[in-house]
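Observations on chain architecture
If you want the building blocks of each chain, they are given just below.
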Amino acid sequence: MREKIMYDTIFARSFSRSDQKKLGYVAFFGCLLIAFSFCLVFRPYSSPLSVRSNSVPKRMKIACSSEKRSDFCEINGDIRIDAKSSTVFISAASSQQSILEENSAWIIRPYTRKEDEYAMSTVRKWSVKPVVDSNAIPQCNQNHSVPAILFSLGGYSGNNYHDFTDIIIPLYSTARLFDGQVKFLITNRNPWWINKFQILLQKLSNYKAIDIDNEDNIHCFTSVIVGLKRSPKELSIDPSKSPYSMKDFRKFLRSAYSLNKTTAIKMEDDGKTKPRLLIISRNRTRTFTNTDEIARMARNLSFEVVVAEAERNIQNFAEMVNSCDVMMGVHGAGLTNMVFLPENAVLIQIIPIGGVDWPARAAFGEPSKDMNIRYLDYKIKKEESSLIQQYPPDHDVLNNPSSIWKKGWLALKAVYLDKQNVNLDVNRFRHTLLRALELLHQ
């Protein structure tokens, strides 16, 4: 403090009041000049304030995977989607030329059954193409602030089984991480399909789906996934490659459709509790020809029986399935509704003749494990098949299914799936229903 007083005193004695005032102004402007110089020198190294500059990453990142059931690319950078050329352009920095060829591209059909040529023939091809010269690609006229997922409604969409195993479950696994902050770009759009699954689409995305095939605009994003991630198994999620499981997916369905029953009934020995049995009926192929007889036998075993055919209104049918403890039906897409059953419920698959045991179990038996559903199957005998009325007793259709298999899928389907109905031997099938009751006691 003493030094400061001495300095002020010397300063006052050396200069007049007017000189001190002039020196103050000079010092002030000198400080401004120094500050301005610092801004000019260090401005190039400071963070940009422009929202536009920050919105596009300066480096491109592409991770494309080819898996058993699907191909997909995860892309970050300056992404521009041109529907007219079916191309997803990525603007790459010139420094990245060493890790890519400018004209290289990945061709993807964004549907999750790539091993099936017939299904994939209806799926539009998309090209994922990195380009070094950003001036050589279409300019943006519609910018988006959230990521996007591009997928197809081609293939076998419209079949309830394929709707879930090929599209809905892979879409859940791919999109759930974004917590709604993602846009769906749909190629091979099907308005009927979108309307059917509107509730689930709205639960996975907060935005209206874009019919990308009919867009004239160049849609620009900083993050896009082309294709869907899918487990190699049917109706399943691979927990080693996803933070989600089929248990999470079924919980998601219960929330989306407001399904109240979480767990199947736990049977008591007092005889007062009646489990609810749903018999899935079919009106064209693989139908039960003695449904009333089956229902009567089940009621005698203390089941409350409901007979219904799967309907297009998912909300209504999901509620019905969820209210039941046991569901049974002949192998077919209707059994896909097992996803709505409560935990510890029982699924009974009726397997028709024709050597379809393995595909039937792969379609519904194996997936039931990850869904915490108890699974039973009942393989019918020739005497329970309507095919005995269409072919002589010594025909290969009845005695040598492998000879029909050798003719290909279409031949097999035409005989064993399209022409066959089932007349259950209720006395023989009774043991399967008793086993279901035993499981409900556990």
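Remember, predicted model here, so these are calculated numbers, not experimental data.

Note: strand β11 (residues 276–280) against strand β12 (residues 304–308), five bridges, orientation parallel. The residue of β12 that forms the bridge with L277 is V305. With respect to chirality, the unit in which β11 leads through helix α9 (residues 291–300) into the neighbouring parallel β12 is right-handed.

For strand β13 (residues 326–330), the tally of buried residues reaches five of five residues, placing the bulk of the element in the interior. Where burial is concerned, the two faces of β13 agree: the one with V326, M328 and V330 and the one with M327 and G329 are both buried. Where β13 lies against strand β14 (residues 346–351), five bridges are found, and the strand directions are parallel. Paired with V326 across the bridge in β14 is V346.

Our next topic: the state of the cysteines. All told, the structure shown has two disulfides when counted by the stated rule. At a sulfur-sulfur separation of 1.9 Å, the disulfide partner of C64 is C73. Here the disulfide of C64 and C73 is right-handed, its torsion about the S-S bond being about 110 degrees. Overall, C64 belongs to the partly exposed group, its relative accessible area being 29%.

A few words now on the sheet that holds β11. Strand order across the open sheet formed by five strands is β12-β11-β13-β14-β15, with parallel pairing between neighbours. A strand with exactly one partner marks an edge of an open sheet, and here the two such strands are β12 and β15 (374–379). Averaged over neighbouring strand pairs, the angle between their axes works out to 20 degrees when direction is ignored. Here three bridges tie β11 to β13, and the two strands are oriented parallel to one another. Following the sheet pairing, L278 is matched in β13 by M327. The sheet contacts of α9 involve β11, β12 and β13, and relative to β12 the element is tilted by about 160 degrees.

Rules and cut-offs
- Residues numbered from 1 in each chain as written.
- Predicted model: local features only at pLDDT ≥ 70, side-chain atom pairs only at ≥ 80, totals over all residues.
- Heavy atoms only, no water.
- Pairing = 2+ DSSP bridges.
- Helix = DSSP H or I, 4+ residues; strand = E, 2+ residues; numbered from the N terminus.
- Right-handed = clockwise from strand over helix to strand, strands pointing away.
- Buried < 20%, exposed > 50% of the residue type's maximum accessible area, 1.4 Å probe, protein only.
- Disulfide = S-S within 2.5 Å.
- Axes fitted to C-alpha atoms, helices over the stretch in contact; angles between N-to-C directions.
- Contact = heavy atoms within 4.5 Å.

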